[in-house]
Amino acid sequence: MTQVHEATDPGAGERLGPAARSALLDALKRHARAPGEPLLIRVQGDAWRHEPDDLAQPVVRGQLHELVLRVHAAPGPVIVHVDGAVRGLGFGLALAADLRVAAPTATFGTGSPAAFLAGGAGRFLAGVAGTGVLAHLAWTGATLDAEEALRHGLVGSVSADPDAGAALAARVATVAPGTASALARALRGRDRPELTAALDYESWLAGVE
Amino acid sequence: MEPVGYAVHDAVAVATIDRPQTRNALSADVLCALAAAMDRAEADPEVRVLVLTGGPRLFASGADIRELRRTSPADYLLSERLECWNRFARFGKPAVAAVAGYVLGGGCELAMTCDAVVAADSAVFGQPEINLGIIPGAGGTQRWARVAGRFRAAELVLGGRLVDAWTAQRMGLVSQVVPAERVVEAGIALASSIAARSPVAARLGKQALRTAEEVGLTAGLAHERSLLLTLLSTDDHIEGIDAFLEKRPARFTGR
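Quantities reported herein were computed from a predicted structural model and do not represent experimental measurements.

Visitor: How should I be thinking about the overall build of chain B in this particular structure?
Guide: In terms of regular secondary structure, chain B is built from 12 helices and 9 strands. The dimensions of chain B, computed from C-alpha atoms along their principal axes, are 60 × 45 × 35 Å. Scored against the burial criterion, the 255 residues of chain B give a buried share of 44%. Taking as baseline every contact in chain B between residues at least 6 positions apart, the subset at least 24 positions apart corresponds to 69%.

Below, the structure written as structure tokens:
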């Protein structure tokens with residue numbers, strides 16, 4: 001059975017703010033109690049266009065990066081379905097997930113340098129698309145549209161079907177729970193120590209002016 | 001100007017080596033000032049954790065080479081420096097080294113007398129004494145071998161290899177790598193998190209960890225058990241358990 005978290009767009013200034021983060025954290029905790037079950041996160045509009053308001057190190061490490069680590073360490077597959085602008089923490093969250101589906105309207109980017117560091121996207125992006133793409137996006141603030149993101153491997157598919165994420169989740173849900181749990185742990189365990197060290201370092205960098 | 005600055009932030013004392021003209025070389029007067037700072041932190045009941053640092057640019061480049069050139073074996077054995085090094089090793093409260101830039105020779109040995117090392121991304125660690133025709137004399141050979149294993153330690157001690165902060169982290173010496181300009185802040189943050197715990201438990205925890213370096217497993221386990229029994233007689237253990245059960249932050253008093 002698939003668990004679903006709807007990330008609605010609360011508007012500029014509130015996106016991935018405390019309320020949205022708290023709701024996502026609750027969803028991830030619920031998901032953690034059902035090893036092997038898929039979690040579908042449906043990101044509506046620009047809900048994950050993150051512009052950080054607080055870069056204090058304890059916030060970045062204890063709240064923003066904690067979410068990224070929880071998505072990455074989830075005991076079952078996490079599928080993110082996006083149709084709007086994905087930036088900052090939103091980019092990190094999307095890249096930390098196992099599977100990504102994008103609507104043709106979706107765009108991806110690091111956002112401001114501070115948002116990029118607060119989101120912890122660098123390590124995942126380097127792994128998915130290579131350090132060249134990471135450096136280009138980080139230094140220039142350029143964005144990728146859905147087709148470009150598909151070419152770079154940032155998303156697995158681009159579809160205008162609003163139920164594309166749900167369909168993918170339903171397909172993943174057919175994997176036996178024990179197998180899904182083992183697969184998730186194998187995928188997470190590989191780089192966990194280095195990921196933690198990198199995010200810890202970035203949490204301090206985020207506040208450097 | 002004092003060679004070592006001293007300040008207290010809440011329950012954390014910060015001792016800062018401040019001899020930039022000699023790259024914070026550990027001359028006798030610097031070592032004595034560090035020992036005095038430790039005495040002060042040890043005696044102050046308000047201080048729970050000590051941070052040793054050289055600031056965001058460099059920690060300590062090692063011994064004062066010119067001073068060492070003039071030192072005979074008799075001078076060395078009778079000098080205050082040996083007592084200072086013994087003082088560092090005996091410091092009973094938890095200590096955090098927040099290091100940047102050069103962490104070489106005695107500087108590296110000084111960091112290794114602490115309980116945790118937070119390193120700036122600029123930090124460079126090494127025991128280059130071999131280049132001077134000598135070897136480390138303040139614990140470098142013993143502590144590196146325990147931290148990283150004898151063979152990797154040999155690269156530093158025998159080969160004079162220098163390693164960056166990330167490598168030192170992989171070798172097990174460094175617990176956290178942070179941007180250089182925030183290394184002192186990060187050291188204080190780690191120290192503050194330790195200071196928020198029961199001071200008596202932190203002290204005995206440190207003692208237990210240090211014992212692990214000195215004795216075999218059976219003796220170490222017996223020592224650990226005796227320290228736990230001691231802690232079971234403290235107010236802090238009642239407060240810690242009550243706070244956990246009542247889902248509130250604990251208020252440790254150190255009794």
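Having seen the model, we can carry on.
Visitor: It is not clear to me how the confidence of the model for chain B should be interpreted in this structure. Could you clarify?
Guide: Averaged over every residue, the pLDDT of chain B is 94; residues scoring 70 or more account for 100%. On the interface metric, ipTM, the complex scores 0.73, and its pTM is 0.84.

Visitor: I tried to follow the domain arrangement of chain B on my own but got confused; where do I start?
Guide: Often the size quoted for an interface is simply the accessible area lost on bringing the parts together. Residue and element names in this part refer to chain B. Each assigned domain of chain B is listed with its residue range as follows: domain 1 (4-195) and domain 2 (199-245). Just the C-alpha atoms count here: the centres of domain 1 and domain 2 sit 26 Å apart. Contact with domain 1, which involves 7 residues of that partner, is made by 5 residues of domain 2. Here the side of domain 1 that touches domain 2 is composed, by residue class, of 2 nonpolar, 1 polar and 4 charged.

Visitor: Help me understand helix α10 (residues 192-205) of chain A in this model?
Guide: Along an α-helix, a turn takes 3.6 residues, which lines up residues three or four apart on a common side. An ideal rise of 1.5 Å per residue puts 20 Å on 14 residues; α10(A) measures up with 20 Å between its terminal C-alpha atoms. For α10(A), every residue scored as buried is listed here: A:L195, A:L199, A:D200, A:Y201, A:E202, A:S203, A:W204 and A:L205. Along its buried surface, α10(A) packs onto α2 (57-72), α4 (113-119) and α5 (121-129) of chain A together with β9 (176-178) and α9 (183-195) of chain B.

Visitor: Help me understand the pairing of strand β2 (residues 39-43) of chain A in this model?
Guide: Consecutive side chains of a regular strand alternate in pointing toward one face of the sheet and then the other. Residue and element names in this part refer to chain A. Most of β2 sits inside the fold, with 5 of its 5 residues counted as buried. With burial as the criterion, each face of β2 is covered, one bearing L39, I41 and V43 and the other bearing L40 and R42. Pairing of strand β1 (residues 3-7) with β2, which is carried by 5 bridges, proceeds in the parallel orientation. Pairing of Q3 across the sheet is with L39, part of β2. Each parallel crossover has a hand, and for β1 linked through helix α1 (residues 18-32) to β2 it is right-handed. Examined bridge by bridge, β2 and strand β3 (residues 78-82) share 5 bridges and lie parallel to one another. Across the sheet, residue R42 finds its bridge partner in β3, namely H81. Taken together, β2, α2 and β3 constitute a β-α-β crossover, and its handedness is right-handed.

Visitor: How should the nonpolar core be read in this particular structure?
Guide: Nonpolar side chains in soluble globular proteins generally cluster together in the buried interior. Residues and elements named next belong to chain B. Ranked by internal contacts, the top residues of the largest apolar core, which has 136 residues, are V96, V99 and V103. Ranked by the residues each element gives to this core, the list is headed by α9, at 9 residues. In contact with V96, other than residues within four places in its own chain, are V49, V51, C114, D115, A116, V118, G187, L190 and A191.

Visitor: How should the sheet that holds strand β4 (residues 85-86) of chain A be read in this particular structure?
Guide: The strands that make up a sheet are held in pairs by hydrogen bonds between backbone atoms, and each pair lies either parallel or antiparallel. Residue and element names in this part refer to chain A. If you trace the 3 strands from one edge of the open sheet to the other, you get β4-β6-β7, paired in mixed fashion. For this open sheet the edge positions go to β4 and β7 (143-145), each flanked by a neighbour on one side alone. Looking at chain direction, β4 and strand β6 (residues 107-109) are connected through 2 bridges and run parallel. Of the residues in β6, the one forming a bridge with A85 is T107.

Visitor: Quick question: what am I supposed to make of the pairing of strand β6 (residues 116-120) of chain B here?
Guide: All names here are of chain B. Of all 5 residues that make up β6, 5 are buried, and the element is covered over most of its length. Side chains A116, V118 and A120 of β6 all project onto a buried face; the interleaved residues V117 and A119 project onto the opposite face, where all are buried too. Bridging between strand β4 (residues 95-99) and β6 involves 4 bridges; their strand directions are parallel. Within β6, the position partnered with V99 by the bridge is A119. The pairing of β6 with β9 spans 3 bridges and is classified as parallel. If you follow A120 over to β9, its bridge partner there is V178.

Visitor: What should I look at first to understand the environment of B:L31 in this one?
Guide: Residue and element names in this part refer to chain B. Mapped onto the secondary structure, L31 falls in helix α1 (residues 28-43). Linking L31 and E80, residues 49 residues apart in sequence, is a C-alpha distance of 8.6 Å. Setting aside chain neighbours within four positions, we find L31 in contact with L26, R81 and C84.

Visitor: In this structure, what is going on with the sheet that holds strand β7 (residues 124-126) of chain B? I would like to understand it.
Guide: Residues and elements named next belong to chain B. The strand order across the open sheet built from 3 strands is β5-β7-β8, with neighbouring strands paired in mixed fashion. Strands at the two margins of the open sheet, each flanked by one partner only, are β5 (102-104) and β8 (162-164). Across this sheet, the average inter-strand angle for adjacent strands is 20°, counted without regard to direction. Examined bridge by bridge, β7 and β8 share 3 bridges and lie antiparallel to one another. When the sheet's bridge partners are listed, G126 is paired in β8 with L162.

Visitor: How should I be thinking about unusual backbone geometry in this particular structure?
Guide: Residue and element names in this part refer to chain B. For D10, which is not glycine, the phi dihedral falls at a positive 55°. Backbone geometry places K247, a non-glycine residue, at a positive phi of 55°. If you trace the backbone, K247 turns up in the segment after α12 (235-245). Residue K247 is classed as exposed on the basis of its C-beta count, with 6 C-beta atoms lying within 10 Å.

Visitor: Which parts of the structure should I look at to understand the packing of α2(A) against helix α3 (residues 89-96) of chain A?
Guide: A pair of packed helices is characterised by two quantities: the angle between their axes and the separation of those axes. Residues and elements named next belong to chain A. The N-to-C vectors of α2 and α3 enclose an angle of 15°; their axes lie 8 Å apart at closest approach. In terms of axis orientation, α2 runs roughly parallel to α3. The interaxial crossing formed by α2 with α3 has right-handed handedness. Residues L64, L67, V68, V71 and H72 of α2 form the contact with α3, whose participating residues are L89, G92, L93 and A96. Residues belonging to the contact of α2 with α3 are distributed by class as follows: 7 nonpolar, 2 polar and no charged.

The rules behind the values
- Residues numbered from 1 in each chain as written.
- Chains lettered and ligands numbered in written order.
- Predicted model: local features only at pLDDT ≥ 70, side-chain atom pairs only at ≥ 80, totals over all residues.
- Helix = DSSP H or I, 4+ residues; strand = E, 2+ residues; numbered from the N terminus.
- Buried ≥ 20, exposed ≤ 12 C-beta atoms within 10 Å, placed from the backbone.
- Contact = placed C-beta atoms within 7 Å.
- pLDDT = per-residue confidence, 0-100.
- Domains from an automatic or database assignment.
- Nonpolar A, V, L, I, M, F, W, Y, C, P; charged D, E, K, R; others polar.
- Expected span 1.5 Å × (residues − 1).
- Pairing = 2+ DSSP bridges.
- Right-handed = clockwise from strand over helix to strand, strands pointing away.
- Core = buried A, V, L, I, M, F, W, Y, C linked by C-beta atoms within 7 Å.
- Axes fitted to C-alpha atoms, helices over the stretch in contact; angles between N-to-C directions.
- Parallel < 35°, antiparallel > 145°, perpendicular 65-115°, else oblique.
- Left-handed = near helix turned anticlockwise from the far one by under 90°.

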